[in-house]
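# A structural walkthrough
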Amino acid sequence: MKTINKIGVLTSGGDSPGMNAAIRAVTRSAIYRGLEVTGIRYGYQGAIEADFVEMHKLSVSNTIQKGGTILKSARSKDFMTKEGRAKAAKNLKANKIDALVVIGGDGTFQGATILHQEHGIPVVGIPGTIDNDLSGTDETIGYDTALNTALEAIDKIRDTADAHERMFLVEVMGRDAGFIALETGIACGAELTLLPETLVHLNEIKSSLNEILANKKRSTLVIVAEGDESGGAIQLQQSIKDDFKDIDMRVCVLGHIQRGGNPTARDRVLASRIGVAAVNALLDGHVSVMVGIVNNNIKLTPLKSGWSKKKSIQMEMLDLVKILK
Ligand code: F6P
């Protein structure tokens, strides 16, 4: 087993609330265990450019409650090349970084898996994405905050929808995954929820809306995931507007507000538990795993299955929207 004296930590891909809490947990638990810690700025790009910063206990003071990431994030095109990864590995080795903790989503884990395969650097993944689409953990860091941010906004939209008796098509994030749409849909009492995981024909959407309108509800909320096959809320409005000429229909795209803001208590605790477990995993000799929490217990999963096996939504949750509308 390779001796680990110094670890590197980075955040990569789309930021998510709670990433700072995870960096803090990794940094402080590594120091607690007698290790040195190097922060790598701008994700993998920082490894390629040797953008390193030594981390101390106080480097992460006053960060647990903050959104974004103090180490910055990026989606590095250079790291997708063999040459880029070789340069990153060379810099890590030159700076005596023995192992890496990477915080991010599927793209981040894909990069870490290949880096380990090509250069033998031990890597541990921490699931940080608002999309909640990684298998091997019940929830990803940032998901709970994003849900609550979206919900707060949607509740406000419901007020105005009700006051004007309007229909709102609200788009939430999720290019490939509908977890945010599904759970905000249930929590806001949406009349219809559209996800990338389910194929709903335009005619079905129209007849569902006609059925809802026939019930004379005073307001209608349709939650549309960004990656739904309808093309998202703006596109959906274009596709159906001629059939609903008499309806006062508005669109609201929530966008990146879902990625920012102070993490919820739940995300801070999740990030703290997983961060500490990630350092333990490296010291226990794991070389390519993701740390998650399943049924309230820490669980290690081969890093590859975190991103290659798509986490599926529970269809009975979607039924709730239909039953309760
Ligand atoms: O993966 C997180 C996420 O917010 C997705 O929900 C969304 O599709 C994507 O990132 C947006 O990425 P960007 O900020 O690069 O536009």
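Above this text is the structure in question.
Once a new chain begins, its residue numbering starts again from 1 and follows that chain's sequence as written. Reporting in this predicted model follows two pLDDT cut-offs: at least 70 for local features of residues, and 80 or more for side-chain atom pairs to be given and counted; totals over whole chains, interfaces and linings ignore these cut-offs and use all residues. The basis for the side-chain values is all heavy atoms of the structure; hydrogens and waters are excluded.

The helix and strand inventory of the chain stands at 11 helices and 11 strands. In this setup the radius of gyration rests on C-alpha atoms only. A globule is expected at 2.2 Å times the number of residues raised to 0.38. On C-alpha atoms alone, the chain measures out to a radius of gyration of 22 Å, which is about the 20 Å that the 2.2 N^0.38 rule sets for 325 residues. Summarising its shape, the C-alpha atoms of the chain cover approximately 70 × 35 × 30 Å along the three principal directions. Only heavy atoms matter for contacts: two residues are in contact if any of them lie within 4.5 Å across the pair. Contacts in the chain between residues far apart in sequence, at least 24 positions, make up 75% of those at least 6 positions apart. Surface exposure of the chain reaches about 14500 Å², of which carbon and sulfur atoms provide 50%. Within the chain, one finds 39 positive and 38 negative side-chain charges whose respective centroids are separated by 7 Å. Only runs of H or I of at least four residues qualify as helices and only runs of E of at least two qualify as strands under DSSP, and these elements are numbered from the N terminus. Areas reported here follow the Shrake-Rupley algorithm with a probe of radius 1.4 Å; residue values treat only the protein chains shown as occluding. For the purpose of charge, His is not counted, nor are the chain termini; Lys and Arg are scored as positive and Asp and Glu as negative. Every charge is mapped to an atom, namely NZ of Lys, CZ of Arg, CG of Asp or CD of Glu.

Strands in a sheet are paired, the pairing made by backbone hydrogen bonds, and the direction either parallel or antiparallel. Here the rule is simple: two strands pair whenever DSSP picks up at least two bridges between them. Taking strand neighbours across the sheet as the criterion, the 7 strands line up as β3-β2-β1-β4-β5-β10-β11 in an open arrangement whose pairing is mixed. For this open sheet the edge positions go to β3 (52–55) and β11 (297–302), each flanked by a neighbour on one side alone. With strand direction ignored, the average angle separating the axes of adjacent strands in the sheet is 25°. Relative to β11, strand β10 (residues 288–294) runs antiparallel, the two sharing 6 bridges. Where helices are involved, their axes are fitted lines through C-alpha atoms of the stretch in contact, as for all axes, and angles between N-to-C directions lie from 0 to 180°.

Turning our eyes to something else, we now look at a nonpolar patch on the surface. Put simply, a patch holds well-exposed residues, over 30% relative accessible area, that have no salt bridge, with like charges counted together within 9 Å and Val, Leu, Ile, Met, Phe, Trp or Tyr side chains within 5 Å. Any carboxyl oxygen of Asp or Glu within 4 Å of a side-chain nitrogen of Lys or Arg constitutes a salt bridge here. Together, Leu320, Ile323 and Leu324 give the surface a local cluster of nonpolar side chains, amounting to about 320 Å² of exposed area. Following the sequence through the fold, Leu320 ends up in helix α11 (residues 315–324). Of the residues examined, Leu320 reaches a relative accessible area of 33% and is grouped as partly exposed. Only protein chains enter the area calculation, which uses a 1.4 Å probe; residues under 20% of their type maximum are buried, those over 50% are exposed, and those in between are partly exposed.

Let us look at the state of the cysteines. Formally, a disulfide is one covalent bond, and it connects the sulfur atom of one cysteine to the sulfur atom of another. In what follows, a disulfide is any cysteine sulfur pair within 2.5 Å. Tallied over the full model, the rule gives 0 disulfides. Note on Cys188: no disulfide assigned, nearest cysteine sulfur contributed by Cys252 at a separation of 12 Å. A relative accessible area of 22% places Cys252 in the partly exposed class.

Turning to the site of the ligand, a few remarks are in order. For each residue, the test is whether any non-hydrogen atom lies within 4 Å of the molecule or strand; if one does, the residue is near. Residues in contact with the ligand, as listed here, are Arg75, Ile130, Asp131, Met173, Gly174, Arg175, Glu226, His256 and Arg259. Contacts to the ligand include Glu226, whose side-chain N or O atom sits 2.9 Å from an oxygen atom. Taken by itself the ligand offers 400 Å² of open surface, and the protein chains cover 78% of this. Here the shell around the ligand spans two domains, since at least three of its residues come from each of domain 1 (6–142 + 263–308) and domain 2 (143–260). Pairs of N or O atoms are called polar contacts if they sit within 3.5 Å, as long as, within protein, a hydrogen donor faces a hydrogen acceptor (for residues adjacent in sequence, only side-chain-to-side-chain pairs). Those domain boundaries reflect an automatic or database domain assignment.

This next bit is on the packing of helix α3 (residues 82–94) against helix α4 (residues 106–119). Taken N-terminus to C-terminus, the directions of α3 and α4 make an angle of 75°; their axes are 10 Å apart at the nearest point. Classified by the interaxial angle, the pair formed by α3 and α4 is roughly perpendicular. The residues of α4 that touch α3, namely those facing Lys82, Arg85, Ala86, Ala89, Leu92 and Lys93, are Ile114, Leu115, Glu118 and His119. Throughout, the term roughly parallel applies to angles under 35 degrees, roughly antiparallel to angles over 145, roughly perpendicular to angles from 65 to 115, and oblique to all others.

Time to look at helix α1 (residues 19–32). Here the expected span of a helix is defined as 1.5 Å times the quantity of residues minus one. Along its 14 residues, α1 runs 20 Å from first to last C-alpha, staying within 8% of the 20 Å computed at 1.5 Å per residue. Burial within α1 is extensive, with 10 of its 14 residues counted as buried. Listed in full, the buried residues belonging to α1 are Met19, Asn20, Ala21, Ala22, Ile23, Ala25, Val26, Thr27, Ser29 and Ala30. On its buried face, α1 sits against β1 (6–11), β2 (36–40), β3, β4 (99–104), β5 (123–127) and α9 (265–283).

So, about the side chain of Thr140. By secondary structure assignment, the location of Thr140 is in the loop between β5 and α5 (143–164). For Thr140, a relative accessible area of 0% corresponds to the buried category. One polar contact links the side chain of Thr140 to the main-chain carbonyl oxygen of Thr129, over a distance of 2.6 Å. Among residues more than four places away in sequence, those in contact with Thr140 are Pro127, Thr129, Asn132, Asp133, Leu134, Asp267 and Leu270.

Attention now goes to the packing of α5 against helix α6 (residues 179–188). Orientation of α5 relative to α6, taken along the N-to-C sense of each, is 45°, at an axis distance of 9 Å. As far as their axial angle goes, α6 and α5 are oblique. Once α5 is placed against α6, the crossing between them reads as right-handed. Here Tyr143, Ala146, Leu147, Ala150, Leu151, Ile154, Asp155 and Arg158 of α5 lie close against α6, whose contacting residues are Phe179, Ile180, Glu183, Thr184, Ala187 and Cys188. Throughout, the ten residues Ala, Val, Leu, Ile, Met, Phe, Trp, Tyr, Cys and Pro are labelled nonpolar, Asp, Glu, Lys and Arg are labelled charged, and all others, Gly among them, are labelled polar. Broken down by class, the residue content of the contact of α5 with α6 amounts to 10 nonpolar, 1 polar and 3 charged. By the definition used in this description, the sense in which the near helix is turned from the far one sets the handedness, with an anticlockwise turn below a right angle giving left-handed and a clockwise turn giving right-handed.

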